[in-house]
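Letter by letter, the chains look like this.
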Amino acid sequence: VEAETYKGYIRRLIDEFDYEKLGEGGFGTVLQHPTMRNVVVKVVKMDRAYRKFCKFAMDNPTNPWLPKIASVQTIALDDANLAYAVFMEKLDKVPASYVEKLREAFRDRYNLRFWSDNQWFDRASWRKIAADSPPDFSKLATYFADNLNSLDLIPSNFMRRRNQLVFNDPVAG
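Summary of the structure given here. The structure displayed is predicted, hence computed values, not measured ones.

1. As for the overall build of the chain
Then, in step 1: Looking only at helices and strands, the chain features 5 helices and 8 strands.
Then, in step 2: Starting at the N terminus and walking to the C terminus, you meet the elements of the chain as α-β-β-β-α-β-β-β-α-α-α-β-β.
Then, in step 3: Compactness check: the chain gives a C-alpha radius of gyration of 17 Å against a globular reference of 16 Å for 173 residues, within 12% of the reference.
Then, in step 4: Counting only C-alpha atoms, the chain reaches 55 × 30 × 25 Å along its principal axes.
Then, in step 5: For the chain, the proportion of its 173 residues judged to be buried stands at 47%.
Then, in step 6: Pairs at least 24 apart in sequence give 49% of the contacts found in the chain among residues at least 6 apart.
Then, in step 7: Total accessible area on the chain is roughly 9,400 Å²; 51% of this is exposed by carbon and sulfur atoms.

2. Brief notes about helix 3 (residues 96–110)
Then, in step 1: Between its first and last C-alpha atoms helix 3 spans 22 Å; for 15 residues at 1.5 Å apiece the expected length is 21 Å, and the two agree.
Then, in step 2: Within the span of helix 3, buried status applies to Val99, Leu102, Arg103, Phe106 and Tyr110. Take helix 3 and look down its axis: the buried residues cluster within an arc of 95 degrees, on one side only. Residues Lys101 and Asp108 are exposed on helix 3 and point more than 90 degrees away from its buried face.
Then, in step 3: Here the buried face of helix 3 lies against helix 4 (123–131), helix 5 (135–146) and strand 8 (164–166).
Then, in step 4: After helix 3 finishes, the residue Asn111 shows a positive phi value of roughly 55 degrees.

3. Digging into the environment of Ala145
Then, in step 1: Among the secondary structure elements, Ala145 is positioned in helix 5.
Then, in step 2: When its relative accessible area of 0% is taken as the criterion, Ala145 is described as buried.
Then, in step 3: Separated by 16 residues in the primary sequence, Ala145 and Arg161 place their C-alpha atoms 24 Å from one another.

The rules behind the values
- Residues numbered from 1 in each chain as written.
- Predicted model: local features only at pLDDT ≥ 70, side-chain atom pairs only at ≥ 80, totals over all residues.
- Heavy atoms only, no water.
- Helix = DSSP H or I, 4+ residues; strand = E, 2+ residues; numbered from the N terminus.
- Rg over C-alpha atoms; globule rule 2.2 N^0.38 Å.
- Buried < 20%, exposed > 50% of the residue type's maximum accessible area, 1.4 Å probe, protein only.
- Contact = heavy atoms within 4.5 Å.
- Areas by Shrake-Rupley, 256 points an atom, 1.4 Å probe, with all protein chains shown as cover.
- Expected span 1.5 Å × (residues − 1).
- Arc of directions from axis to C-beta.

Now the structure itself:
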């Protein structure tokens with residue numbers, strides 16, 4: 001018996017199980033859970049960096065900067081080496097300007113040179129931020145320094161929980 005494709009699996013979740021598609025990116029599709037309105041399911045195809053980030057978030061469940069992830073389940077698909085479903089809290093969108101203001105605030109506070117749209121700052125700068133931040137953000141900044149080449153800090157990868165900015169999908173690859 002052959003496993004289904006990624007697109008076929010997404011189509012089946014929508015058609016047969018009443019999942020609603022909320023968004024889509026280069027590595028995954030976000031679906032509204034059909035019975036739990038405060039839960040989304042992100043079905044991811046071949047993104048080892050995000051799976052590692054999910055473990056980091058699950059290992060730090062009280063960190064307000066991270067999404068609350070309940071479970072990560074591997075899925076067998078015939079067109080993906082690594083596919084999985086992430087069951088996580090539903091968050092709200094945040095304006096790109098809010099994310100840009102945060103980046104600029106860090107740059108100005110620490111007198112940092114802007115590095116790139118995806119990484120914001122270089123490894124040494126993230127370590128500098130980590131050394132001078134409260135514990136929860138320090139852990140996140142350290143994670144960014146340690147995983148610099150996987151960072152994807154574009155505005156669409158941020159969400160919010162009430163007034164709290166959440167680094168919802170800060171990596172890719």
